[in-house]
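Residue strings, one per chain:
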Amino acid sequence: MRILILILILFKILNGASVDCTKVFEERKAELLKEIEKIDEARQSFEALRAASNALFDKQKANLDKQRADLNATMQKIENKKAEIAKMLEENKKLLDAINGAKNDKISKSYEKMKDSAAASILQEMTTDEAASILFTLQAKKVSKIMAKMDPKKASQVTQRLRQGPPFDK
């Protein structure tokens, strides 16, 4: 564009016309003002876009922070429930052990009071593990009397199982 103006000025000078510099400068000034207005509009658009982007970013960050807080609260609730469940399991295990202990004591007392031959015939019908489990809770004197009344083969199997020790339930 500058070249065009210079060419125009040179052309007028060569043709003998007088050049009005003020007019040329005013025209150029008007063009520059229009360019400045366009640049200012573009800057304002950019500022508005930046403000909108920052607002959106802040909103998303706040939303993410809220979700993170919710997630942490949920994780804490899960950990609390997990600890509560573990405590309940431990209590239930103790209760089950107490029940099994009472059951085994009752069975032991029953076999202690039973006649040796009756106990031997009952134990012979059980699996080796079941018979060993019951005999393990009895006094050695009672065990020897019962095993003397059992079939030798079954008594031998039970003795081998007793030698391995608890637990008998497989």
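Quick note: structure is the one above.
Presented here is a report on the structure given in the accompanying data block. Here the structure is a predicted model, which is why all the values come from computation and not from measurement.

Description of the overall build of the protein
Counting its regular elements, the protein contains six helices and zero strands. Computed over its C-alpha atoms, the radius of gyration of the protein comes to 51 Å, more than 25% above the 15 Å expected for a compact globule of 170 residues. Dimensions of the protein along its principal axes, counting C-alpha atoms only, are 150 × 30 × 20 Å. A total of 170 residues make up the protein; the buried ones form 14% of that total. Contacts in the protein between residues at least 24 apart in sequence constitute 59% of all its contacts with a sequence separation of at least 6. Total accessible area on the protein is roughly 14000 Å²; 60% of this is exposed by carbon and sulfur atoms. Between the centroid of the 33 positive side chains of the protein and the centroid of its 25 negative side chains there is a distance of 11 Å.

Things to note about the nonpolar core
Core analysis: the biggest nonpolar cluster contains 15 residues, and Leu123, Leu135, Ile146, Met147, Met150 and Val158 have the highest contact counts within it. Looking at this core, the elements with two or more residues in it are α3 (116-125), α4 (128-136), α5 (140-149) and α6 (152-164). Residue contributions to this core peak at four residues, all from α4. In contact with Leu123, not counting residues within four places along its chain, are Tyr111, Ala131, Ile134, Leu135, Ile146, Met150 and Lys154.

Concerning α3
Every buried residue of α3 is accounted for by Asp116, Ala119, Ala120 and Leu123. One side of α3 holds all its buried residues, which, seen down the axis, span an arc of 100°. At its buried positions, α3 is contacted by α2 (21-113), α4, α5 and α6.

Focus on the side chain of Lys142
Inspection of the secondary structure puts Lys142 in helix α5. Look at Lys142 and you get buried, because its relative accessible area is 10%. In terms of polar contacts, Lys142 uses its side chain to reach the backbone carbonyl oxygen of Met114, at 2.6 Å. Discounting chain neighbours no more than four positions away, the residues touching Lys142 are Tyr111, Glu112, Met114, Lys115 and Asp116.

Rules behind the numbers
- Residues numbered from 1 in each chain as written.
- Predicted model: local features only at pLDDT ≥ 70, side-chain atom pairs only at ≥ 80, totals over all residues.
- Heavy atoms only, no water.
- Helix = DSSP H or I, 4+ residues; strand = E, 2+ residues; numbered from the N terminus.
- Rg over C-alpha atoms; globule rule 2.2 N^0.38 Å.
- Buried < 20%, exposed > 50% of the residue type's maximum accessible area, 1.4 Å probe, protein only.
- Contact = heavy atoms within 4.5 Å.
- Areas by Shrake-Rupley, 256 points an atom, 1.4 Å probe, with all protein chains shown as cover.
- Lys, Arg positive; Asp, Glu negative; His and termini not counted.
- Charge placed at Lys NZ, Arg CZ, Asp CG, Glu CD.
- Core = buried A, V, L, I, M, F, W, Y, C linked by side-chain atoms within 4.5 Å.
- Arc of directions from axis to C-beta.
- Polar contact = N/O pair within 3.5 Å; in protein donor to acceptor, adjacent residues only side chain to side chain.

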